[in-house]
Amino acid sequence: MSPSFAHSSAYISKRLVSTAVITTDRTEKVPLKARQYQRMRIRDPKAIENLDPSDFMHVYSSAVKSRKPRLADMVVRDVLELYKRNPASQSELLGQIFTKNVMLLPRTTILRVLQHLKATSWSGFDELIYRAGGEIAVRMLRKSDISPLDRPFLRLFYPPLLMQIKSLRCPKGNTNFQPSYLIYASYGAVMKLLSMSFHAQALDIFQALVHAGFIPAEALHSIDTSITDPSLIISLALIRSSLHWHWHGLATSFLLNLISVQPTNQNIIDLNHDTINTLLNTSQPSLKDVVYAGRLIRAMHKRSPVPDSTIRLFYASAVVVNARLEAEKLYWFTRHEKVVATHQYPPPHHNALAWLMTHFASRSRRTYLARDLAKEVVEGKLFIPAAYRAQFIAKTAALGLASQAQVLWERHAVGKEGGVITGNSALMIRMVSLFWNIHKSHLAKARRFRHMRDPPQDKITHYKEAADRAASLVERVRLAFSFHHAPLSEAPHWSLTSLARACFIVGKLSQGYDAFRFLLARKESPDLYDCNVALSAMAQMNPRRAVAMIEKMVELGLQPDDVTFGTALHYAVMQGRRELVDTLISGIRNLDNSLISQKTLANIINASLSRVSKDSQDEVRTTLSNILYLIQSLPNIHMAPQQQTSKALVYAALRARDGLLAYKFWYRYLRMGAEWNDTEHQRLRHAIGQLIQQRSFTLKREREEMLKHLGQKYANWREREKMLGGATT
């Protein structure tokens, strides 16, 4: 062979080897993707029959990883119903799938697979049913109520479970030991068996748990020896054992079920109290523990109200974990008329008072509860720690609860700790703003009566005296603040700015500018807050100059915020400067959503409503639609606490005869925020319902559901339409 031929042969051989390798790589099986599987299933379900087991495993694993329960269930049902290979291969594939996460699968599908594996005598059945720490059993026995699936599952689960428990031993002396989910599931199995009256089987598993050491001795010793009911003994022991292993959710579920079955049993009542104290009486309670305790308190009320100390402990624990909604839920429950008629529960105490009031003022939809809480504090003369008094009164004033705010301010502004009230800047501003608005409102009412043809002197005198009392309180609050921070030349920067702001609110501009002179004398540079305060004074005199000042602030590097625009907008609206209102609203909408506050949004809404109050209904509807769009485009704004603004929107929609807009504003902001049985709220719902029942209402199909939400009867409109010959199909 010539060298050239040998070289060529070697080259060809290498190319063939290389090509062979490439061809082999290209023909390697590519895992079937989930989308391909779904398309194949739609096009030709028979194609699923002959898929490789690895394809099913890959698609199922993908479904588990991406948390797609429908896809996971689809794969398992396809293996059960469409897979046409030999039965042994089918059972093996189902067994492999169940080694993955089964928590996404419906309980019906899990039971079908287990019944199939049992029927085909699959060799790994006993190990599978309690493998992964009892994950399958936990999924099947998670709910405490009895379902049709429980009996067939327990028939499968009972024998291997009992055998497995007998082979286990709980280590002694290991305080950090935590049983597996198999023991957790076995507790659920015992309670299910007791509920279904399979007492012998329940006793077998319970005795095996006791023998294996998974029922602590103290759980048995604490049970009253006079109890003769074996089922009750087992139930009480399981609940106490669950608490021992820190399975608080399981203990709560068992106890709630027990309360519903034997509500008057004193042993259950005592255990309920012990459980609540166990959940809450720790240095670091968890949010879930507070939730569980709240459920037990509410469930036990009809049978045996919990002690006042437990209620106070609940609120204290809620403060620690910031469980605002749970505290609100309990306070609402304990103040419900049916509950109050049978037992008087105590309100929150100490720092929990201010904490809960802050929640009502800022985040809660049930803002009417704030009025109840403030009334309790006033009438009951409840103690508020000095560190939280100013916060509580400020939030009370912010919600417009004038009488309660005044009583609390006057009560706590005297004495050794009076300075925490009189010297608090936020509280002073809230009080001045609230009562100066009340002063102006009473004066306006007096003026309206004075202009009548036959003015009622008694009402004029009444409103003038009320206005004078409000102005007098404003002056007392303002002067007490000045006295606390005297001499003003040495007062903190923030305090001087707050004092200037209060002076501007009541129209004492020269005194407000005097406060700023103290800052300038100390050569302290004004910040954005200072500029906003000065802007409020300028806007009162000339809103256009205020807009120019905002532009100047931007030039100097001070970025205007929501307060800047809101202040200028407020006075522009008051003085009827519509072109400036449009300019300011445009500027606000260009801001980042997170910068716009409740107050600014309320100003925008009120400004928009004031402009169209006397215009045509079409323009009102357009404006309300724009407002709704604006609110929905600002998801960080929580409108619910601004109940007066919400009512103004609904009333405007009612005046415009637009039932849909009125319903949307009511449903979004007043459905949970207003007291359901309040007279005004009832009338409001009725008025909305009347518009919805009109024949001209466009959303015929949604009408019944909307009327149900409003609490209005929806049969009448059908009767009326039939009578008019225009029944809706």
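The structure contained in this document is the topic of the report that follows. (Residues numbered from 1 in each chain as written. Predicted model: local features only at pLDDT ≥ 70, side-chain atom pairs only at ≥ 80, totals over all residues. Heavy atoms only, no water.)

Some remarks on helix H4 (residues 69-81)
Because an α-helix completes one turn every 3.6 residues, residues spaced three or four positions apart along the sequence face the same direction. This is how it is decided: Numbering of helices and strands starts at the N terminus; helices are DSSP runs of H or I of at least 4 residues and strands are runs of E of at least 2. By this rule, a helix spans an expected 1.5 Å times one less than how many residues it contains. Each residue gets one of three labels from its accessible area relative to the maximum for its type: buried under 20%, exposed over 50%, partly exposed in between, using a 1.4 Å probe on protein chains only. Throughout, a contact is declared for two residues whenever any of their heavy atoms are within 4.5 Å.
The end-to-end C-alpha separation of H4 is 18 Å, in line with the 18 Å expected for 13 residues at 1.5 Å each. Listing the buried residues of H4 in full gives Leu71, Ala72, Asp73, Met74, Val75, Val76, Asp78, Val79 and Leu80. In the core, the buried residues of H4 are packed alongside helix H2 (34-43), helix H3 (53-65), helix H5 (87-97) and helix H6 (107-119).

Notes on the packing of aromatic side chains
Heads up, the rule is: By convention, a stacked pair of Phe, Tyr or Trp rings (six-membered ring in the case of Trp) has centres within 6.5 Å and planes under 30 degrees apart, an edge-to-face pair has planes over 60 apart, and any other such pair is tilted. Both a distance and an angle decide whether a charge sits over a ring: NZ of Lys or CZ of Arg must be within 6 Å of the ring centre and within 35 degrees of the ring normal.
As enumerated under the stated definition, the model contains 15 aromatic pairs in all. Measuring from centroid to centroid gives 5.6 Å for Tyr181 and Tyr184, while their planes differ by 85°, and the two rings are edge-to-face. Here Tyr184 and Tyr181 lie together in helix H9 (residues 181-195), a separation of three residues that amounts to about one turn. Looking at Tyr181, the relative accessible area reads 51%, which means it is exposed. The class of Tyr184 is partly exposed, set by a relative accessible area of 23%. Members of the aromatic cluster, each reached through a chain of ring pairs, are Tyr181, Tyr184, Tyr187 and Trp247. Over the aromatic face of Trp332 sits the side chain of Arg366, whose NZ or CZ is 5.0 Å from the ring centroid.

Considering helix H37 (residues 703-710)
Heads up, the rule is: The arc under discussion is defined with respect to the helix axis, by the directions toward the C-beta atoms.
Within H37 the residues assigned to the buried category are Arg703, Met706, Leu707 and Leu710. Here the buried residues of H37 occupy an arc of 100° about the axis, which is enough to place them on one side. At the C-terminal side of H37, Gly711 shows a positive phi close to 75°.

Some details on the environment of Val261
Counting through the fold element by element, Val261 comes out in helix H13 (residues 248-261). Its relative accessible area of 56% is what places Val261 among the exposed residues. Separated by 66 residues in sequence, Val261 and Ser195 have C-alpha atoms that sit 9.8 Å apart.

With respect to a positive patch on the surface
Rules: Within the patch definition used here, like charges are joined within 9 Å and nonpolar side chains (Val, Leu, Ile, Met, Phe, Trp, Tyr) within 5 Å, considering only residues with over 30% relative accessible area and no salt bridge. Using the Shrake-Rupley algorithm and a 1.4 Å probe, accessible areas are obtained, with residue cover drawn only from the displayed protein chains. By salt bridge we mean one thing: a side-chain nitrogen of Lys or Arg within 4 Å of a carboxyl oxygen of Asp or Glu. In summary, the charge assignment counts Lys and Arg as positive and Asp and Glu as negative, without counting His or the chain termini. Taken as the charge location is NZ of Lys, CZ of Arg, CG of Asp or CD of Glu.
On the surface, Lys33, Arg35, Arg39, Arg43 and Lys68 cluster together into a positively charged patch. For Arg43, the position within the fold is in helix H2.

Details of the pattern of salt bridges
This model, assessed by the stated rule, comprises 17 salt bridges. Close ionic contact of Asp274 with Arg240 constitutes a salt bridge, the shortest N to O distance being 3.3 Å. Separated by 34 residues along the polypeptide, Asp274 in helix H14 (residues 266-280) and Arg240 in helix H12 (residues 230-244) bring together distant segments of the chain. Here Arg240 falls in the partly exposed class, since its relative accessible area comes to 24%. Of the charged contacts, one joins Glu680 and Lys647 as a salt bridge, the two residues approaching to 2.9 Å between their closest N and O atoms. Remark: Lys647 occurs in helix H34 (residues 643-655) and Glu680 occurs in helix H36 (residues 679-692); sequence separation between them is 33 residues.

Focus: the packing of helix H19 (residues 351-362) against helix H21 (residues 386-398)
Defined as follows: For helices, the fitted line uses only the C-alpha atoms of the stretch in contact; every axis is such a line through C-alpha atoms, and the angle between N-to-C directions lies from 0 to 180 degrees. When describing relative orientation, an angle under 35 degrees is termed roughly parallel and one over 145 degrees roughly antiparallel, while 65 to 115 degrees is termed roughly perpendicular and anything else oblique. Left-handed describes a crossing in which the near helix is turned anticlockwise from the far one by less than a right angle; the clockwise case is right-handed. Polar here means any residue other than Ala, Val, Leu, Ile, Met, Phe, Trp, Tyr, Cys and Pro, which are nonpolar, and Asp, Glu, Lys and Arg, which are charged; Gly is therefore polar.
Interhelical geometry of H19 versus H21 gives an angle of 30° and a closest axis separation of 9 Å. Viewed along their axes, H19 and H21 adopt a mutual orientation that is roughly parallel. Crossing geometry of H19 relative to H21 is assigned as left-handed. Contacts between H19 and H21 involve Asn351, Leu353, Ala354, Met357, Thr358 and Ala361 on the former and, on the latter, Tyr388, Gln391, Phe392, Lys395 and Thr396. Counted by class, the contact of H19 with H21 contains six nonpolar, four polar and one charged residues.

Section: the packing of H12 against H13
Across the interface, H12 lies against H13 with an axial gap of 7 Å and an inter-helix angle of 155°. When the interaxial angle is binned, H12 and H13 end up roughly antiparallel. The handedness of the crossing between H12 and H13 comes out as left-handed. For the pair formed by H12 and H13, the contact residues are Leu232, Ser235, Leu236, Leu238, Ile239, Ser242 and Leu243 on the first element and His248, Leu250, Ala251, Phe254, Leu255 and Leu258 on the second. For the contact of H12 with H13, the per-class residue count stands at 10 nonpolar, three polar and no charged.

Overview of the environment of Ile110
Relative to the helices and strands, Ile110 resides in helix H6. Between the C-alpha atom of Ile110 and that of Val76, which follows or precedes it by 34 residues, the distance is 9.0 Å. When sequence neighbours within four positions are dropped, the list of residues in contact with Ile110 reads Phe98, Val102, Leu105, Ile136, Arg139 and Met140.

With respect to unusual backbone geometry
Look at the link from Ala486 to Pro487: it is a cis peptide, with omega at -5°. Relative to the helices and strands, Pro487 resides in the loop between helix H25 (457-484) and helix H26 (493-505). A positive phi is found at Lys381, a non-glycine position, where the angle reads about 50°.

Any functional reading would require information beyond the geometric quantities listed.
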